[in-house]
Structures are given as C-alpha cells and as structure tokens.
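The chain contents come next:
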Amino acid sequence: MSIWEMFAVFAAGISAGAINTIVGSGTLITFPVLLATGLPPVTATVSNALGLIPGSISGAIGYREELKGQRSRVLKLAVGALIGGLTGATLLLALPSTAFETIVPVLVALALVLVILQPRISRAVQRRRARTGTPAHPDGGPLLLIGLTLASVYGGYFTAAQGIIYLSLMGMLVDDTMQRLNAVKNVLAAVVNSIAALFFLFVADFDWTAVVLIAVGSALGGQIGAKVGRRLSPTLLRALIVTVGTAAIVQLLLR
C-alpha cells in the first residue's frame, strides 16, 4: 500500500468503528476502500473481519453502563451469534462471492421496515400481553434466538448491516430501550467478528497492514461512536438507523 492508501484505510477504520457502534454497516465503508487498494474480495473480507474486532470490543466497552443487568440475555444470544458466525465464515469460503448479493438488500430493507414500525409493534404486543396476562420474555424467547442466529450466519459471511438486522429483531421481540438493545448488539457483533476471524486465521490469507490499520482505527472509532450514540434519543437513533440502512441498500444494489 502507498502512504495515501494506508491513510484511507485508517480513516475508513475510524468511520466504520464509530458507525458500527451506533448503528452497524461500517463494513460498507471499509470494504470498498480495501478493494480500491487492490485486495481480492475474499482477502478484503477476512482482513476487514479481523480488523473490526477491536472496534466492536471498544464499542461494547463504551456501552458498559447500558449492559448492566443484561448478562443472562447477552450470554444466551451470544451462543446463537457464535454458531451463526462460524457457519457464515465457512460459507464465505465454500460459496461463490455472489451467493448473498440478491437476498442481502431484501433482508436490510425488511429490517428497516421493522425498525420504523417497532414502536407501534411494541405497543400492540404490550396491549395483547395485558389482555391475555402473558408476561414478556426478557430474552425474546426462541424466536429471537433463531432470528439472531440466522442473522449471524450472514454476519460471519459479510457483516455489512448485520447490526441493523439485530436491532430490528430485538426491538420487535424484547421489551427494552433502544440504547440497551444497542449495547447488546455491539457485544453480539464482537462475538461474530471474533469467531469468523479466528476461523479465517487457519484457512485464509490476510493483508496484515490492512488488519492493523483497521484495528487501530476502529478501536478509536468505537469510543467516538459510544460517546455520540449514547446521547441520542430513541427517535434520533431510529432515524439514524433508517438513514444508514437506506444508504447500505443503495450501495449493495449498485455493487
């Protein structure tokens, strides 16, 4: 890499770390930059996955206050993230690179619809529970575990916009604030990135310059994202999710 390419990758890492912590979809910044430096798609994907781990951990640490009292929930959902992430990483090396291109924009679009409708859906669910006397499941139940596991399969494969899918599923099935759910999302993203990168270490080639630049940049960006994201109101956070998600769909369709 030239010095300017290294600077671009580092800057992309900072941006991706911040955006991943607040919303998700940071890969849509780092991945095109890595491709522009001349890296092959698979090498860019695996280098990106390893480089973003410090950013995910940094973002989770930044949301540590919102994680209090959620240990049981995080541990249960992390099991699905672990299984899904490993499956997705395996598929990346087994399937053609175009395998997910058709379905990914549809998944992100559906997730955005759920994010927009989440307050209305939550109120309807709460009214139904009040009528039937059914208590809310603190962890979202089997449906959320299955949904997050499937989303993590995609996350292990490519990672772009997985955070938006996580937030839409949790927002619909868990009765909690968006900020606390966002904190859980950051932990799950760290689990998926870590297990996928660990798998790739044994079977794929990395560009270690890119890995280090993204790792340092995303760690800084994770702290920036946590400081900004924790101050956003639920409405602003939801609006930002929709804005970033819409941009993600456009970029995915134009690839």
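Residues numbered from 1 in each chain as written. Predicted model: local features only at pLDDT ≥ 70, side-chain atom pairs only at ≥ 80, totals over all residues. Heavy atoms only, no water.

Participant: Which parts of the structure should I look at to understand helix α11 (residues 208-229)?
Facilitator: Along an α-helix, residues three or four positions apart point the same way, because every turn accommodates 3.6 residues. A rise of 1.5 Å per residue sets the reference length of α11, with its 22 residues, at 32 Å; its end C-alpha atoms lie 30 Å apart and thus fit the reference within 8%. For α11, every residue scored as buried is listed here: Ala-210, Val-211, Leu-213, Ile-214, Ala-215, Gly-217, Ser-218, Gly-221, Gly-222, Gly-225, Ala-226 and Gly-229. At its buried positions, α11 is contacted by α1 (3-22), α2 (27-36), α3 (41-51), α4 (53-62) and α10 (178-203). (Helix = DSSP H or I, 4+ residues; strand = E, 2+ residues; numbered from the N terminus. Expected span 1.5 Å × (residues − 1). Buried < 20%, exposed > 50% of the residue type's maximum accessible area, 1.4 Å probe, protein only. Contact = heavy atoms within 4.5 Å.)

Participant: Honestly, the confidence of the model for the protein in this entry has me stumped. Any pointers?
Facilitator: Segments scoring low in pLDDT should not have their predicted coordinates read at a detailed level. In the predicted model, the protein carries a mean pLDDT of 81, and 80% of its residues have values of at least 70. When pLDDT is averaged over each element of the protein, α11 comes out on top at 91 and helix α7 (residues 103-132) at the bottom at 66. (pLDDT = per-residue confidence, 0-100.)

Participant: Would you mind going over the environment of Ser-15 with me for this structure?
Facilitator: Following the sequence through the fold, Ser-15 ends up in helix α1. With 12 residues separating them along the chain, Ser-15 and Thr-27 place their C-alpha atoms 9.6 Å apart.

Participant: Even after reading the chapter, I still don't get the packing of α4 against α11, so can you show me in this structure?
Facilitator: Geometrically, a packed helix pair is captured by the angle between its two axes and the distance between the axes. Where α4 contacts α11, the axes come no closer than 7 Å and their chain directions differ by 20 degrees. On the basis of their axis angle, the class for α4 and α11 is roughly parallel. Viewed along their axes, α4 and α11 form a crossing whose handedness is right-handed. Residue-level inspection shows Pro-54, Gly-55, Ser-58, Gly-59 and Gly-62 of α4 in contact with α11, the latter providing Ala-215, Ser-218, Ala-219, Gly-222, Gln-223 and Ala-226. Looking at the contact of α4 with α11 residue by residue, the class counts come to 4 nonpolar, 7 polar and no charged. (Axes fitted to C-alpha atoms, helices over the stretch in contact; angles between N-to-C directions. Parallel < 35°, antiparallel > 145°, perpendicular 65-115°, else oblique. Left-handed = near helix turned anticlockwise from the far one by under 90°. Nonpolar A, V, L, I, M, F, W, Y, C, P; charged D, E, K, R; others polar.)

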